[in-house]
Amino acid sequence: MKIKIYLSLLLCILFCNANTQNLSQNIKGKVVDAESESPITGATVVIENTNPLQGAVTGINGDFNIKNVNVGRYNLKISFLGYETIQLTEILVSSAKEVVLNIRMKESLKKMDEVIIKADKNQAINSMATLSVRQFSVEEARRYAGGMDDPARLASSFAGVSGNLGTNGIVIRGNAPKGLLWMMEGIEITNPSHFANVSSLGSGAITALSSQMLANSDFYTGAFPAEYGNALSGVFDIKLRTGNNEKRENTFQLGLIGIDASSEGPFVKDKKASYLFNYRYSTLSLLAPILPPEMGKLRYQDLSLKLNFPTEKAGIFSVWGLGALDYQGRDALTDSLKWEKQTDKEQYYTDLFMVAAGINHKILINTKAFINTSIAASGNGLQLNQQELNSNKTLLPNQRINNNVWKYTFTSYINYKFSARHSNRTGFNINRLQYNMHIEKADSNNVLKDYTNTSGYSYLIQAFSQSRINITEKFALNLGLHSQLFALNNHYSLEPRIGLIYDITPKQSLRFSYGIHSQLEPLNFYFVQKKIGNSIIEPNKKLDFSKAHHLVLSYDLKFNEKTHLCIEPYFQYLFNIPVIPDSYFSLQNLENTIFFNDSLVNKGSGRNIGIDITYERFLNQGFYYLITLSVFDSKYTGGDGIQRNARFNKHYVVNLLCGKEWKVGKNKNNLLGINAKLCLMGGDYLNPVDYAQTYANKDIVEDVAKAFSVQKPDAQVLSFSLNYRINKAKHSSVWSINFVNALFYSDLNKYYFDTFKKSVEKDVNELVIPNISYKIEF
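## Re the overall build of the protein
Stage number 1. Scanning the protein for helices and strands turns up four helices and 46 strands.
Stage number 2. Scaling as 2.2 N^0.38, a compact globule of 778 residues should have a C-alpha radius of gyration of about 28 Å, and the protein matches this with 27 Å.
Stage number 3. The C-alpha extent of the protein, read off along each of the three principal axes, is 85 × 60 × 50 Å.
Stage number 4. In the protein, which comprises 778 residues, the proportion classed as buried is 55%.

Here's what the structure looks like:
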């Protein structure tokens, strides 16, 4: 009923708001060389199909500004002698905010009369990328249904990627979410999510980074370039946009999930330095009636910023940061007559934080080279105190966690463009890993027992070099080498990477890529403590990197400038995976096992084989669709030498997305958009329950002899969104309705023994997320 009321309100606004004036805004930005990032002076930027023709020519710093462009969507054509012409399509111009574009042009190998026009859609920002990469558009994050304005959840729409309702964990080609590398402004950071690593390592509830802060970024699903290390599955290379340095602009958003406030602009008028920040505070209390009661009280807040200071001769300095604070808590029910399940007796308080901040400096040495240097700090912490009432209503300790991990990073690389045929990037990363971990769990006598209790530091040192070689107009080669050393035990890894590109025709391309990739496991596993006699030992301190071979082939066919098909078969062989000797257990399947005190050896293996298919129509004339199909099989071999289904072996994932946008109002100044997404996928694998032992012990006992032989039910998740943008002379506003899981699909988490019912019950996630929001830009 409430949704019907809000829909009626939106329709009322739609037909009652009729703009009677032509509204306009500016399109501005900068044009640079894609390899050297030196500014291109004299490039022409033209808005197609305008009468009279609107456009501009870039100045000495590559800047341009096209003023008084009527609101709506436009195609831009950027050209310069000796460079491939770029076409940017469906650029949205609204009345409140200037459109700021950073355009990278590729020097052409052809003669002047042979320069061709290339669409800039679905191409990586990083020119060293060969395949299995998707440029992440900010507008997509806001447009796609089911994304909840969360980049991590949006990524689950891409081929080779799957997610679930309860978390924003990114499962890539059957690998665990912990295998993903998160990057921000060129620095490796911890998972930037609220309630990160609580229910699943590498996952959280919702990203701590607002889309107000995002610039276009690259998302990799395998065989990534040599500059990326410490990852097994993929890379999310997030870039923050730079605030407008000429005009102050603000955004405020109010919704059922949270309140956002954002601002950007110049520090001083007519100067180039600028600021951009966003603050968000949760309003999840409004959703309390539809959330499971065992979730308790939830609240979160986050702050992100970027300060930019360009200079005339010393390069560009920038300061960026992201911080998040979370709380989840629940009091036990003191009235035993109200106890209906185990969680009613439990009381817990959880505090979490996540921080990433850095200073970056980039300087152009000449028109062919630049140096990029950063210092940064990132970290996350978890404090948990869980207790349980006994029959005498006395609180007894159950779990206690104090887990804080910090990383201090110094990184630098030099990028040199030798010619239009050859560019190289070479650099290093020095990471100081600092940790303070105390993990305790009660034994059968309700006495807390140490699983990990340590503090200290170590180093992860990385170096890389990679080159892009354009052999001919049709053939290109990406070559690279990544190396890393873990100072805790002096283990190191050498990882060659190679990529081949063959443009068969202007509309068809064939690509191949191979690479070795490696990753450290979560630090608490290295410091597991075991008591041998009167001594405490740390048996896992010598663990090596987990490693994988990635082999991918890609065929891409462009039917026209707005529609394309991509087919990517792949094979991954995982090795050196830590396992428990003579056991089914493998860290390849790691979801969340923080209470762990077994010895591990690097003798496990696994393999992922599959094919990813993408058929897509980019937004054109108000309509788009995206169809992805992933068919795969993921296996692992534990310490007992038996091959089994991997936990995340869903076998298939199908995503169907589409959307339509209409211009409305007397002057067609307003936009009404409807978007939908249907996700069909297989379930994860679980260990079966040994019912006889479970009822005897009155606690869940798994039949580990048949580990990962039970698959969860298939999932059908439908999401939709309705957006209405109203453009006014001084501001724009957006009304939105987003609904996730409209089919009310229930996701099975696990089985548990209910001590009150004295039966085995299912713990299911029946999360249905409605979000109604209002945003104003001014």
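That covers the picture; the talk isn't over yet.
## Considerations on the nonpolar core
Stage number 1. Core analysis: the biggest nonpolar cluster contains 35 residues, and Ile-170 and Phe-219 have the highest contact counts within it.
Stage number 2. When contributions to this core are tallied by element, the ones reaching two or more residues are helix H2 (138-143), helix H3 (151-155), strand S12 (180-184), strand S13 (187-189), strand S17 (234-238), strand S22 (316-330), strand S23 (346-364) and strand S36 (623-637).

## Quick word on the packing of aromatic side chains
Stage number 1. Per the stated rule, a full pass over the model turns up 30 aromatic pairs.
Stage number 2. Judged by centre distance (5.7 Å) and plane angle (5°), the rings of Phe-720 and Phe-739 are stacked. Here Phe-720, found in strand S42 (residues 715-727), pairs with Phe-739, found in strand S43 (residues 732-740); they are 19 residues apart in sequence, far enough to count as distant.
Stage number 3. Judged by its relative accessible area of 10%, Phe-739 falls in the buried class.
Stage number 4. Each member of the aromatic cluster is reached from another via a ring pair, and the members are Phe-136, Phe-158, Trp-182, Phe-219 and Phe-236.
Stage number 5. Directly above the aromatic system of Tyr-570 lies the positively charged group of Arg-173, at a separation of 4.3 Å from the ring centroid.
Stage number 6. Above the ring of Tyr-457, the side-chain terminus of Arg-432 is found at 3.7 Å from the ring centroid.

## Structural notes on the sheet that holds S17
Stage number 1. Sheet architecture is open: five strands sit in the order S9-S16-S17-S12-S13, paired in mixed fashion. Where the open sheet ends on each side, the last strands, each with one partner, are strand S9 (133-136) and S13. Put simply, the sheet's adjacent strands are angled 25° from each other on average, direction ignored.
Stage number 2. Relative to S17, S12 runs parallel, the two sharing five bridges. Bridge pairing in S17 links Met-184 to Ile-238.

## A closer look at a nonpolar patch on the surface
Stage number 1. A contiguous nonpolar patch, built from Ile-359, Ile-375, Phe-410, Phe-428, Ile-430 and Ile-461 and spanning about 470 Å² of accessible area, is present on the exposed surface.
Stage number 2. Tracing the backbone through its elements, the reader meets Phe-410 in strand S25 (residues 395-417).

## Quick word on the sheet that holds strand S7 (residues 99-105)
Stage number 1. Read across the open sheet, the three strands follow the order S4-S1-S7; overall the sheet is mixed. Each end of this open sheet is capped by a strand with a single partner; those strands are strand S4 (63-70) and S7. Mean inter-strand twist for the sheet, computed between neighbouring axes without regard to direction, equals 25°.
Stage number 2. Pairing of strand S1 (residues 24-33) with S4 involves six bridges; the strand directions are antiparallel. In the sheet register, Lys-28 faces S4, and the bridge partner there is Asn-65.

## Topic: the pattern of salt bridges
Stage number 1. Tallied over the full model, the rule gives 30 salt bridges.
Stage number 2. Where Arg-607 meets Asp-633, a salt bridge forms, and the shortest distance between an N and an O atom there is 3.0 Å. Remark: Asp-633 occurs in strand S36 and Arg-607 occurs in strand S35 (residues 601-620); sequence separation between them is 26 residues.

## Considerations on the pairing of strand S29 (residues 491-505)
Stage number 1. Sheet analysis places strand S28 (residues 475-486) next to S29, joined by twelve bridges and oriented antiparallel. By the bridge assignment, Leu-479 is partnered in S29 with Ile-498.
Stage number 2. Note: S29 against strand S30 (residues 508-519), eight bridges, orientation antiparallel. Paired with Thr-505 across the bridge in S30 is Gln-508.

## Some remarks on unusual backbone geometry
Stage number 1. A cis geometry characterises the amide bond from Asn-51 onward to Pro-52, with omega recorded as 0°.
Stage number 2. Note that Pro-52 resides in the loop between strand S2 (44-47) and strand S3 (54-57).
Stage number 3. Backbone geometry at Gln-621 places phi at a positive 55°, although glycine is not the residue there.
Stage number 4. Positionally, Gln-621 belongs in the loop between S35 and S36.

## Some remarks on the environment of Gly-72
Stage number 1. Within the secondary structure layout, Gly-72 lies in strand S5 (residues 72-79).
Stage number 2. We classify Gly-72 as buried; its relative accessible area is 10%.
Stage number 3. Spatially, the C-alpha atoms of Gly-72 and Phe-618 are 17 Å apart, while their sequence positions differ by 546 residues.
Stage number 4. Not counting residues up to four positions away in its chain, the partners in contact with Gly-72 are Ile-91, Leu-92 and Val-93.

Here is what the cut-offs are and how they apply
Residues numbered from 1 in each chain as written. Predicted model: local features only at pLDDT ≥ 70, side-chain atom pairs only at ≥ 80, totals over all residues. Heavy atoms only, no water. Helix = DSSP H or I, 4+ residues; strand = E, 2+ residues; numbered from the N terminus. Rg over C-alpha atoms; globule rule 2.2 N^0.38 Å. Buried < 20%, exposed > 50% of the residue type's maximum accessible area, 1.4 Å probe, protein only. Core = buried A, V, L, I, M, F, W, Y, C linked by side-chain atoms within 4.5 Å. Phe/Tyr/Trp six-rings, centres within 6.5 Å; stacked < 30°, edge-to-face > 60°. Lys NZ or Arg CZ within 6 Å of the ring centre and 35° of its normal. Pairing = 2+ DSSP bridges. Axes fitted to C-alpha atoms, helices over the stretch in contact; angles between N-to-C directions. Patch = residues over 30% accessible without salt bridge, like charges linked within 9 Å, V, L, I, M, F, W, Y side chains within 5 Å. Areas by Shrake-Rupley, 256 points an atom, 1.4 Å probe, with all protein chains shown as cover. Salt bridge = Lys/Arg side-chain N within 4 Å of Asp/Glu carboxyl O. Contact = heavy atoms within 4.5 Å.

Keep in mind that these numbers describe shape and distance, not what the molecule does.
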